[in-house]
Amino acid sequence: MKKILIYTVNDGGFVDSLYHSLGDGFSAIGRDVVYCCINERNFIKNLESLINNEDIDFSIGHNEYGIIHAGRHDFLKNFYASKEHVAILDDAPYNMVTRKVFDAECPNLLLAYRDRSHREYLGSVRLKHPVLRYFFLPFGALLDKCDEAPAHKDIAVIFSGKYYGKATRSWHHPDNEKFVREFFDLAANVLEAEAVTVDEAVARVINDYALKMDKGVFYPGYKALYEYCKRYRRNRLVSMLANSGIQLTVCSDTWKNSSVADKLIYAPANTTKEVLHLYKRSRILLQDMAEFNDGSHCRVGDGALCKAMIVSESSKFLRENFEDSEIFFFEWKNLEDLPMQLSVLCKNEIVQNIYVNASCEKVNAKFLPKHSAATILDAISAARKNTGAVPLAACRSS
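Residue numbers here run from 1 along each chain, matching the order of that chain's written sequence. Whole-chain, interface and lining totals are the exception, using all residues; otherwise, since this is a predicted model, local features are given only for residues with pLDDT of at least 70 and side-chain atom pairs are given and counted only at 80 or more. Side-chain metrics rest on all non-hydrogen atoms present in the structure, leaving aside hydrogens and water.

S.K.: What is the right way to read the state of the cysteines from this model?
M.R.: By disulfide we mean two sulfur atoms from cysteines, separated by a distance within 2.5 Å. For the structure on display, the rule yields 1 disulfide. The disulfide partner of C146 is C360, and the S-S distance across this bridge is 1.7 Å. Of this pair, C146 sits in the loop between strand 6 (131-136) and strand 7 (155-159) while C360 sits in helix 13 (residues 349-366), placing them 214 residues apart in sequence. Here C229 stays free of any disulfide, with the sulfur of C298 as its closest cysteine sulfur at 20 Å. Under the scheme used here, helices are H or I runs from DSSP no shorter than 4 residues and strands are E runs no shorter than 2 residues, and both carry numbers assigned from the N terminus.

Okay, here's the thing in structure tokens:
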């Protein structure tokens, strides 16, 4: 059977772990994979050798990985003239790190997005080539089974998100017109108050003020709103818990630059393996969603498999797929209630174990790497059916 080419990096970080985990998922359902690391010195030479010597079915990459080079190398341009590539947008589509995909020289492109609310925006983006298929690929676990956790867990609450700096309204620039600054201020106010996406916040302002304008006019400013929302909401969450006396352990030294630096517990982790080890030591894992309010995150799946109770900001997708007895959800609009709720949960190991067992069972059933791999194979098969290509024969296990 033909092999699947996966672009990744080799540094022990999140992207490295995410795409090697996905490769393990394909292996679990009977597909062979080969990897090409874009951060290796001889990346292009290694890639050309793989394409010439391996029978490749299709390729997969994080954001623009792999396909961004097609315009500069004839062998790769020729390869993608007949091979599909699945570009997985691992961030919001209006972030600069994902937008490079839109200019890639790849005529057989499939775009996977991690949050269902981003689909409408993606449909409005002009790409160099038409997309064969858009499909939703929720973040699942990196681990492939429930892991053994220590009998004694010494971390009360773990939070692995990084500190990205103060939330500043970067659109307050003298080159921007007064109307633009005021419009984005109004949209930012919506994002501060409610768990909505950037796209929805902009639409809300247009509607509330009866503006005869299309959302597309404001697309160039989405990145600034997204960064503001992510920083504002994460900083508020962590600050509120730290100031309330919750013993909150963070995995990144970046929080030493925050306003609550002296109220946090630090357990720095430089690799995904180290982060997962901290999850195993934790009784409760805290997850924020920020602008991703109709998707998931690997932390949810991995925390469950590491036997930590998941306390997560609510999202439409998580609500549809997990019961209240599997994840303890909190709502952004009721954030002030969370410190007291966490304080009570930290003291009740019986309740923690009930949530742990239920969430671990659900993740095992629906959100392992093999489930992500199966979703990708289904998307490839659907794309080939629509284009008249030979349907994909996939060996599948339950």
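S.K.: Sorry, what's going on with helix 1 (residues 14-28) here?
M.R.: Think of an α-helix as turning once every 3.6 residues; residues three or four places apart then point the same way. A helix is expected to span 1.5 Å for every residue after the first. With 15 residues, helix 1 ought to run about 21 Å at 1.5 Å a step, and its terminal C-alpha atoms sit 21 Å apart, in line with that. Looking at the residues trailing helix 1, positive phi occurs at G30, about 90°.

S.K.: What should I look at first to understand a nonpolar patch on the surface in this one?
M.R.: Side chains of F179, M213 and V217 sit close together on the surface and give an oily, nonpolar patch of about 250 Å² of accessible area. Residue position: V217 is located in the loop between helix 7 (198-208) and helix 8 (222-243). Patch membership is restricted to residues that have no salt bridge and whose relative accessible area is over 30%. Joining uses 9 Å for like charges and 5 Å for the nonpolar side chains Val, Leu, Ile, Met, Phe, Trp and Tyr. Surface accessibility in these figures is a Shrake-Rupley result with a 1.4 Å probe; residues are shielded only by whichever protein chains are displayed. Salt bridges, as used here, are contacts in which a Lys or Arg side-chain nitrogen is within 4 Å of a carboxyl oxygen on Asp or Glu.

S.K.: What is the right way to look at the pairing of strand 3 (residues 56-62) in this model?
M.R.: Side chains on a regular strand alternate between the two faces of the sheet. Think of it in three bands: residues with accessible area under 20% of the maximum for their type are buried, residues over 50% are exposed, and the middle band is partly exposed, with areas taken using a 1.4 Å probe on protein chains only. Counting buried positions along strand 3 yields 7 of 7 residues, so the element is predominantly enclosed. Pairing between strand 1 (residues 3-8) and strand 3: 4 bridges, direction parallel. Within the sheet, the bridge partner assigned to I6 lies in strand 3 and is I60. Relative to strand 4 (residues 85-89), strand 3 runs parallel, the two sharing 4 bridges. Of the residues in strand 4, the one forming a bridge with I60 is V86. A clockwise path from the first strand over the helix to the second, with the strands pointing away from the viewer, defines a right-handed crossover. Read from strand 3 through helix 3 (residues 74-80) to strand 4, the crossover connection turns out right-handed. Any two strands between which DSSP finds at least two bridges are classified as paired.

S.K.: Looking at this structure, how should I read the sheet that holds strand 2 (residues 33-37)?
M.R.: Neighbouring strands of a sheet are bound in pairs by backbone hydrogen bonds; such pairs are parallel or else antiparallel. A sheet is described by the order of its strands in space; here 6 strands give the open sequence 2-1-3-4-5-6, paired in parallel fashion. On the outer flanks of this sheet lie strand 2 and strand 6, each paired with one strand and no other. In this sheet, neighbouring strand axes are inclined to one another by 20° on average, regardless of whether the strands run parallel or antiparallel. With 5 bridges joining them, strand 1 and strand 2 adopt parallel strand pairing. Following the sheet pairing, Y7 is matched in strand 2 by C36. The contact definition used throughout considers only heavy atoms, calling two residues in contact when any of these lie within 4.5 Å. Fitted lines through C-alpha atoms serve as axes, helices being fitted only where they are in contact, and the angles separating the N-to-C directions of these axes extend from 0 to 180 degrees. Seen against the sheet, helix 2 (residues 43-53) touches strand 1, strand 2 and strand 3 and runs at an angle of roughly 160° to strand 2.

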